[in-house]
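Each chain, written out:
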Amino acid sequence: MDSQEIVDRSHSLDGRPDLLSAFYGDWATTYETDASNMGYEGPLRMANFYLSLAPRLLPDPADTTALDAGCGTGLIGPVFKKLGIGTLDGLDLNHGMVTQAAETGSYRHLTSGTDLNLGLPEFAPDSYDLTVSCGVFTTGHVEPHALDALLRVTRPGGLVLLTTSAHYLAITDFQAYLTSRQAERRLTLIDCLADHPYLTDEHAHYWAVSPTG
């Protein structure tokens, strides 16, 4: 099975946490090679997005507490550590992926068995200045309402950065859901990089929002 076939299979799992966890457990050891083969640019694009926004929205990087929500094998971790982020935690559904992430040495705490669709009750509200979720809002993984979990764990006035793949946007109501949260004054839309490089064969939107409390 080539890299794209693996991704297509993951998209067919309908967000079921048991199937997704087992799937990513099997994929953990080759995930980064396959991501590279597919031209995955998410982490580097996300880092550049952060750099364009952080100076006016966040404290000094050394004083910033951040969460990598859906950290996988930790591709975001080393990239953001190089930017000087003082404290970075991570969470993922699968333990095997988290084990790989731990080997990067980029994280303070890592949590496995965590389903974003359930709202992250394991995490206290307003815990982080910055929450990053890259490559998570994609077909067959999390529902649009998982955005609420990211908002809840990020302090008011903090920053939430996330990607939504093109196919995910086409088949879900994510954009409408985000707009509804904005209308309810649950969040402020800071920026959106629409249709930017993500995979060789698929673009994504890169969103920056701020919880309003």
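Notes on the structure follow. (Residues numbered from 1 in each chain as written. Predicted model: local features only at pLDDT ≥ 70, side-chain atom pairs only at ≥ 80, totals over all residues. Heavy atoms only, no water.)

Once that is clear, we can look at the pairing of strand S1 (residues 65–69). Among the five residues in S1, five count as buried, and that is most of the element. Taking every second residue as pointing to the same face, both faces of S1 are buried, with Thr65, Leu67 and Ala69 on one and Ala66 and Asp68 on the other. When S1 meets strand S2 (residues 87–91), the two strands line up parallel, connected through five bridges. Of the residues in S2, the one forming a bridge with alanine 69 is leucine 91. Where the polypeptide runs from S1 across helix H5 (residues 76–82) and back to S2, its parallel neighbour, the crossover connection is right-handed. Here S1 runs beside strand S4 (residues 128–137); their pairing, made up of three bridges, is parallel. Each residue of the ladder has a partner; that of alanine 66, found in S4, is leucine 130. (Buried < 20%, exposed > 50% of the residue type's maximum accessible area, 1.4 Å probe, protein only. Helix = DSSP H or I, 4+ residues; strand = E, 2+ residues; numbered from the N terminus. Pairing = 2+ DSSP bridges. Right-handed = clockwise from strand over helix to strand, strands pointing away.)

We now examine the environment of leucine 91. Along the polypeptide, leucine 91 turns up in strand S2. With a relative accessible area of 1%, leucine 91 lands in the buried category. Expressed as a C-alpha distance, the spacing of leucine 91 and leucine 67, which sit 24 residues apart in the sequence, is 7.8 Å. Non-local contacts of leucine 91, meaning those with residues more than four positions away in its chain, are made with Leu67, Asp68, Ala69, Gly70, Cys71, Thr111, Thr114, Leu116, Leu120 and Phe123. (Contact = heavy atoms within 4.5 Å.)

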